[in-house]
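Single-letter residue listing:
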Amino acid sequence: MGNYTYNSFTLQLEGLNVSNESVYPVFLFFFFSYLFIMVTNVGIVVLIFNDKNLHQPMYLLFSNLPFNDIIGNSIMVPRLLVDILLPPSERLISYYECVVQAFTTHMFGTTSHTVLMIMAFDRYVAICDPLRYAAIMTNKMVIKLTVSAWGVALVLVGILLGLTIRLNRCRTMIMNPYCDNASLFKLSCDSVFINNVYGLTFTVVLFTASIGTMVLTYTKITVVCLTSKNKSLNSKALKTCSTHLVVYLIMVFNGLSIITLHRFPQYSDYRKLCTILFHIIPGSLNPIIYGIQSKEIKKFFSKKILPNY
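This structure is a prediction, so every number in the text was calculated from the model and none was measured.

Right, let's get into the nonpolar core. The nonpolar side chains of soluble globular proteins are, as a tendency, buried together. If you look at the biggest cluster of nonpolar residues, it comprises 41 residues, and the most contacted ones within it are I48, L61, F62, L65, L116, M119 and M137. When contributions to this core are tallied by element, the ones reaching two or more residues are α1 (23-50), α2 (57-62), α4 (95-128), α5 (133-136), α6 (139-165), α8 (193-227), α9 (231-261) and α10 (268-293). Looking at this core, the element that brings in the most residues is α4, giving nine residues. Residues contacting M119, with those up to four places away along its chain left out, are L61, F62, L65, H244 and Y290. Counting residues in each nonpolar core, the second largest holds 20 residues, with L13, C98, M107 and A153 among its members.

Turning to the pairing of strand β1 (residues 10-13), a few remarks are in order. A one-sided burial pattern is seen for β1, the buried positions being L11 and L13 and the unburied ones T10 and Q12. Of the strand pairs in this sheet, β1 and strand β2 (residues 92-94) are connected by three bridges, and their pairing is antiparallel. Pairing of L11 across the sheet is with I93, part of β2. Pairing geometry for β1 and strand β3 (residues 173-174), over two bridges, is parallel. Bridge pairing in β3 links L13 to I174.

Cut-off values and rules
Residues numbered from 1 in each chain as written. Predicted model: local features only at pLDDT ≥ 70, side-chain atom pairs only at ≥ 80, totals over all residues. Heavy atoms only, no water. Core = buried A, V, L, I, M, F, W, Y, C linked by side-chain atoms within 4.5 Å. Buried < 20%, exposed > 50% of the residue type's maximum accessible area, 1.4 Å probe, protein only. Helix = DSSP H or I, 4+ residues; strand = E, 2+ residues; numbered from the N terminus. Contact = heavy atoms within 4.5 Å. Pairing = 2+ DSSP bridges.

Dropping the structure here:
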């Protein structure tokens, strides 16, 4: 116990295990991925708030996704790029910066679920109760849904990190490319039983609510489409819901991959890569998927970006 450093405010990140030959290719891959995420997601957020044609509940709710991708990737990726170029012994981070990074990382993951849940509700009302859509999905309702999505995530993650920062620390090595809750509470020599119980409960509740919402709403949407003879309604449902479902499945697949790989310590390098891709893949694909499927967004780009074609 004498070799332990108690409550040190300087921590060391293990980072990615990259060979000398792969350092620059990996750096360039993450750099251009981050650049693409920033340009496309910032562009979509600005587009939605500037173009009055996109001031519809579906797009206003969707704007939470690129905004979340911007914050989640901005906290994690730049720091990762710096650490890739540094030797392992110099990958240092302050405790407070680590806590902020962990908080933002978990907010990113949790809000991805809650935003897609409120988007599912919007699609449910639009397809299953189209005559009352305008009366239900008012600006006030959009604000309530948005505040709920971020508020629920804030409370859940706040408790998660609150339980961790109360612990005394006797280690300084973060066994991850970036800080998260599990990496932080593993620095402690105190009992982390409560942290494990709450973390497991958090994960089960979030995934159950998320998957349950998707199954319930899409089952009802499917029933409406199968019983309806309105081809226009069915075409609209297939177009908008397939987009939403693809984005959701990509996110769930990434999340479940990380959870599964946690059970196999021998694959820790794959788990680390998956945790980074959990930020990068959705952030890169969301603008592409919604941009391709959205007539309004394509029309905007054709007018503003390619006016002479």
